[in-house]
Amino acid sequence: IRGHGGSFAHRRELRQAKRIVVKLGSAVVTRGDECGLALGRLASIVEQVAMLQNQGREMMIVTSGAVAFGKQRLRHEILLSQSVRQALHSGQSQLKDMSLPVLEARACAAAGQSGLMALYEAMFTQYSTCTAQVLVTNLDFHDDQKRQNLNSTLQELLRMNIVPIINTNDAVVPPPEPNSDLQGVNVISIKDNDSLAARLAVEMRADLLIALSDVEGLYNSPPGTDDAKLIDIFYPGDQQSITYGTKSRVGLGGMEAKVKAALWALQGGTSVVIANGTHPKVTGHVITDIVEGKKVGTFFSEIKPAGPSVEEQTELARNCGRSLASLHPDQRSEIICRLADLLTERKEEILAANKMDMDLAVSAGHLPPAMLKRLSLSPSKLGSLAIGLRQIAVAAQDSVGRVLRRTRVAPSLELEQITVPIGILLVIFEARPDCLPQVSALAIASGNALLLKGGKEAANTNRVLHQLTQEALSTHGVREAVQLVSTREEVEDLCRLDKLIDLIIPRGSSQLVRDIQRAAKGIPVLGHSEGICHVYVDAEACVDKVIKIVRDSKCDYPAACNAMETLLIHRDVLRTPLFDQIIDMLRTERVKIHAGPRFVSYLTFSPSEAKSLRTEYGDLECCLEVVDSMQEAVDHIHKYGSSHTDVIVTENEDTAEQFLQQLDSACVFWNASSRFADGYRFGLGAEVGISTARIHARGPVGLEGLLTTKWVLRGDGHTAADFSENGTMKYLHENLPVSQSLPGQRDSN
């Protein structure tokens, strides 16, 4: 077990927790009617605890539920008893007096404890996990001998890989105050088990206490109010800045008691997380998510980071982003031009930071050569960046607020569709610091707020580039519109901020994109997870064009997403000089060939057979396959491609046009290298990525892809009733030229 000098400072450190106490509140264990147990919820919790136990952790459970379980049993007994008594006695008034005391909490606990434990034992047995019941009272902690005995018992159970299930001995403890929620029927107070769990965690030197109840965690104001926000990390010094809401559905303690117990445990060296154990969508993984360090509930920490939280950064970006969007286009262009100037004026500072990152990466030895190349900056690279930014500055003149469509709906009632920013963009990029100024410039030009999460490999370079970006933004008082996330935020946690972020743009490996697409909860992701690009060599292809295009598509930059991964050859090209030239060129360029199943059948001695026709090699390797026709090539690409970029090489115009029309990819080229699928080459100035999505932006995404639209209607007291059957007005729906001057600038006619 970790030395108990103090609690964990960051969520990600919770993965190291060895000894864990899970506290199950009454609201988690019991059904909504407080009579009986929530069996499905309990089963999922048991599964998670057993899994963690079987991983080698030491798990303890502090549970409520004996009263509810006993209450269910006794209610049946009461109904049976009353029916018998009603048959034997005629006086009903005496029966009413006798019915209530039977549901007293201690009697319910006495009747329910054995059943509750039997249920836990049966559930844990399914996972080959042994359990043991331990009943305690407050006196067991006040008496030194009893406390030592309890500690010794629990230590021995843990040593034998047994999960102790601990509960207050409610059959003998003093009765709590009546609980008004339950119409005068007494139940155990949650705060009893909160303080018990905290005491037990400190006494047993636990690494982590997970307190599950029916609330998401701690809020900055009572949950349910308009401005209530979940507190991700709570520090002891922040206690005065929050207000408490009403208590939980069952019990007396409420959130205030939970916080006091959590702070007491934290002071004793145990980390604490308060989370919701009743939500049907998360109950099945809430405990394991917490132990994995994910952003669930409220984490109590004694160390407060110097900077703002990511939620606070997002709020800053959103508020400042609205100001950015309202600037005149000339002002947004000035900001971008200023950033371009800073890239050259302060290049020594940028390159010094980049050298630090490069030295660290080389000494660590973890980055492959391709990633080291992306990480590296040079004076020429910075110069190219500055040129690209100035192109974006020009494009920014005609982006936000552009009228796309104008309609005269009726006299004095005109409708416009205009371009507007998307909102807040989250761009996650790996070891490619040049991405930061490019994406920042595109966000500024489109009036979007921006949240950046860069790879730790480029931390020093990113920090300097972000400082320069904010310096440029300060020109017009919108410094905070671009934020760099420098806290230890997991990418998966950022992808859960669906109420704050409008679009996620991943820039990096296909694995990064797949991970983000999987983690994003309710936030659209712009990008592609794979770049399986094809070049099809038709029977009527020109030899020189084939050699040039295949060489460039594969060998210019093999790691790029627009590099060729599969070469499709028409059957008639086999055993021709053209085919021999293709193979010789690939060998000269040291490209490893993987034969497709059709190609293998034509050869006596073939290269290694491709393991899959859906492979993105990202290196000097490619698959070579044979097809019988252009149509078969299209069918192959539709089946195995990723809808990124695909090429036909042919001199037959009809064949080419059919290929271009039939193929459903973001980019389709005729007699041109797949490497042209690039925002800069398309004249977009720069790109935030290449999208293979079917909606919004597709292909290389530049400034236009970061805009959406809104409808603006200008009337003169019009109502829908004016256009009803009995109304006085009729719809015109007359399309107007978008170049027509805006309202307030119209001429007299």
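Rules behind the numbers
Residues numbered from 1 in each chain as written. Predicted model: local features only at pLDDT ≥ 70, side-chain atom pairs only at ≥ 80, totals over all residues. Heavy atoms only, no water. UniProt positions renumbered as here; feature names shortened; annotations may be inferred. Pairing = 2+ DSSP bridges. Helix = DSSP H or I, 4+ residues; strand = E, 2+ residues; numbered from the N terminus. Contact = heavy atoms within 4.5 Å. Axes fitted to C-alpha atoms, helices over the stretch in contact; angles between N-to-C directions. Salt bridge = Lys/Arg side-chain N within 4 Å of Asp/Glu carboxyl O. Buried < 20%, exposed > 50% of the residue type's maximum accessible area, 1.4 Å probe, protein only.

Labelled according to an unreviewed UniProt entry, the chain appears under the name Delta-1-pyrroline-5-carboxylate synthase, originating from Salarias fasciatus. UniProt's Subcellular location (unreviewed entry) comment on the chain is quoted here verbatim: "Mitochondrion matrix". The UniProt entry for the chain carries this comment under Subunit (unreviewed entry): "Can form homodimers/multimers."

**Notes on the sheet that holds strand 5 (residues 208-213)**
Spatially, the eight strands line up as an open sheet ordered 3-4-2-1-5-7-8-6, and their pairing is mixed. Two strands in the sheet have a free side with no partner beyond their single neighbour: strand 3 (130-136) and strand 6 (233-234). Two strands pair when backbone bridges link them, and strand 1 (residues 19-24) and strand 2 (residues 58-63) are joined in this way by six bridges, in the parallel orientation. Opposite K23, over in strand 2, you have V62 as the bridge partner. Running at roughly 155 degrees to strand 2, helix 2 (residues 39-54) makes contact with strand 1, strand 2, strand 4 (162-168) and strand 5 of the sheet. Its contacts with the sheet place helix 5 (residues 105-125) against strand 1, strand 2, strand 3 and strand 4, and it is angled at close to 155 degrees to strand 3.

**Points about the pattern of salt bridges**
All told, the structure shown has 37 salt bridges when counted by the stated rule. Residue K295 pairs with D232 through a salt bridge whose shortest N-O separation is 3.7 Å. Highlighted residues: K295 in the loop between helix 10 (286-291) and strand 8 (298-300) and D232 in the loop between strand 5 and strand 6, separated in sequence by 63 residues. Take K295: its relative accessible area is 16%, and that puts it in the buried class. By relative accessible area, D232 is classed as buried at 14%. In this structure, E416 and R714 form a salt bridge, with 2.9 Å as the shortest nitrogen-oxygen distance. With E416 in strand 10 (residues 413-421) and R714 in strand 23 (residues 707-714), this pair connects stretches of sequence that are 298 residues apart. By relative accessible area, R714 is classed as partly exposed at 36%.

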